[in-house]
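Each chain is listed here by its residues.
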Amino acid sequence: MASPDLFPNVAFSDVSASAAPAAEGATAAFGVSAATGGPRLSLVKAGKPEVEPTVEIDLSDAQIFKLGASEWLCVYGESEAKAGVEESFSRAIKVVLRTEAESKAFSLAFQRWKQQVISGKAGEPLENGSIIASRSKFDTKIEASSAKMYFHYYGQLLHQQNMLQDFVRTGTYYAAVMENRSDFEGRVVVDVGAGSGILSLFAAQAGARHVYAVEASEMAEHAQRLISGNPSLGQRITVIKGKVEEVELPEKADILISEPMGTLLVNERMLESYVIARDRFLAPDGKMFPTTGRIHMAPFSDEYLYVEMANKALFWQQHNFFGVDLTPLHGSAFQGYFSQPVVDAFDPRLLISPPTYHTLDFTSMKEEELYEIDIPLSFVASVGTRVHGLACWFDVLFNGSTVQRWLTTAPGSPTTHWYQLRCVLSQPLYVMAGQEITGRLHLVAHSAQSYTIYLTMSAKMWGVGAEQGGILQTSTGKLELKEPYYRLSQPQSYMPQDQQQQQQLPSLQPQGSEQQMQEGLSPGITIDQVDQECGLH
């Protein structure tokens, strides 16, 4: 059980009782109610013991609002019986602290004790059979099971280490902060989803007056230890455990810093929390690091990858698997493998057109704009080849007052832990040099903290009558961003486009390996053989 937080020599008054004088020299104490066992705030007049509070506030439905540098308004619900009818009403208590520092501590203590209502008491039956329901915007749009797994994952140091050891990521953030010290010196900073607290420490190194490190997972405890272990910086950093959708801060921020990017920029839906933090905490004309993000896209041709994915489904082409015909499931298995976006690092020479991009401006966009992202596609093929799908990557801009710095995950650039992503079409398109490729990339958010990807790509067919009829060949795909195929351990060498079709592809596993047997791989399967098996010819 947490020990009480005490604030002596405060003044408080009931603003609904205008004639009542303010109680000077009182004590504000956060603790546990003896009656309900829930968190409460007691306001005790001078000379009275804490067990006899003048005002006791149940934190389950209480809120505080900042009136001044050291003044707060606490609003909560009460009820009383009149003529046999119970009436509910709101009551407001004004609390005045001695100093601005105590005012900040009071606000943080309020949030910390109130968090126990949300995380420790929610859903537990009370004596009258009701339950405490405190659902934030995050809770209403994200499945509880997904959130639990998400916060568990990021609460582990091994995953934080994986991100910290991405020196492109960490080094770019460090450079962006240090090269723009003027944006941080003497400023209030909020670190959204602070994780290990590394970005908060960077901000403190750059001279921030105070940093609020908001982290919802158990990593908040590790962050507190790391920050406490760096006292010259840590004395200006406050770790707050909770979601940005729920916590309250004692002051507005001059700058937000965060690493909210997932695969394809938007996976895990943390960008929405970043935008919510902007609306809740950022002062007018405040800055955001990162400032904008861009999703880049280009069509690609990669026979190696296509055959590898198609080969997986050949297992289901067996007519006599221990006496069982597996072929009725081949079509579903084939489509299932192609519903997985491929995450790996690829050679940029596999791209067959200059890329285009879609911009997300974190400083001005609405949270709802991230629920559904619709991107029209238009490219011109630079070579004649088979188009196997759409390659995607992202970059973000730190728009500092001194230096503008980009963090990129582009193919050909130093590899990051995000790698790149490719949506592979189960039915490739055939194009000639100079031919236009059109389509649509449609991302729809869902409650498992990710997106469903709907991809359509089209190209005009060539041959007799194509000029007059404008016949289109079209291929579509539905992919699940949350369930990618991580192809990180199988880098492939680049092969010129004109040699890919003729090349007999070697097996990706040693001959006769266990995985090869399980997946039905055969050494030396050719492109034409896969096409025939999959009904593409």
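Higher on the page you've got the structure.
All of these numbers come straight from a predicted model, not from anything done at the bench. (Residues numbered from 1 in each chain as written. Predicted model: local features only at pLDDT ≥ 70, side-chain atom pairs only at ≥ 80, totals over all residues. Heavy atoms only, no water.)

Some points on the pattern of salt bridges
Under the defined criterion, the tally for this structure stands at 24 salt bridges. The shortest N-O distance in the salt bridge between R422 and D344 comes to 2.9 Å. Residue R422 is found in strand β19 (residues 420–431), and its partner D344 is found in strand β14 (residues 342–344); the two are separated by 78 residues along the sequence. We note that R422, like D344, is buried. One salt bridge in this structure joins D347 and R349, with 2.9 Å as the shortest N-O distance. Classification of D347 by relative accessible area gives partly exposed; the value is 21%. Linked through salt bridges whose partners overlap, the residues forming this network are D302, E308, D344, R422 and R487. (Salt bridge = Lys/Arg side-chain N within 4 Å of Asp/Glu carboxyl O. Helix = DSSP H or I, 4+ residues; strand = E, 2+ residues; numbered from the N terminus. Buried < 20%, exposed > 50% of the residue type's maximum accessible area, 1.4 Å probe, protein only.)

Concerning the side chain of E367
As for its position among the elements, E367 is in the loop between β15 (356–361) and β16 (372–380). Residue class for E367 comes out buried when judged on its relative accessible area of 4%. The contacts of E367, once residues within four sequence positions are left out, are K137, K141, E272, V275 and I276. (Contact = heavy atoms within 4.5 Å.)

Looking at unusual backbone geometry
The omega angle of the peptide bond from F289 to P290 is 5 degrees, so this bond is cis rather than trans. One can find P290 in the loop between β12 (282–289) and β13 (292–300). Of note in the backbone geometry, L264 takes a positive phi value of approximately 60 degrees without being a glycine. Note on L264: relative accessible area 5%, which makes it buried. Even without glycine at this site, L265 takes up a positive phi of about 75 degrees. When you line up the elements, L265 lands in the loop between β11 (253–258) and α9 (270–281).

Things to note about the environment of D325
You can see D325 is positioned in the loop between α10 (303–313) and α11 (330–338). Excluding residues that lie within four positions of it along the chain, D325 makes contacts with Q318 and H319.

With respect to the environment of H388
Structurally, the position occupied by H388 is in strand β17 (residues 385–399). H388 sits 36 residues away from V424 along the chain, and the two C-alpha atoms are 5.7 Å apart. Residues in contact with H388, not counting those within four places in the same chain, are F300, S301, D302, E303, Y306, C423, V424, L425 and P428.

Some words on the environment of S217
Along the chain, S217 turns up in the loop between β9 (210–215) and α7 (219–228). Relative accessible area serves as the criterion here: at 1%, S217 is assigned to the buried category. For S217, the contacting residues outside a window of four places in its chain are F151, Y154, G155 and K241.

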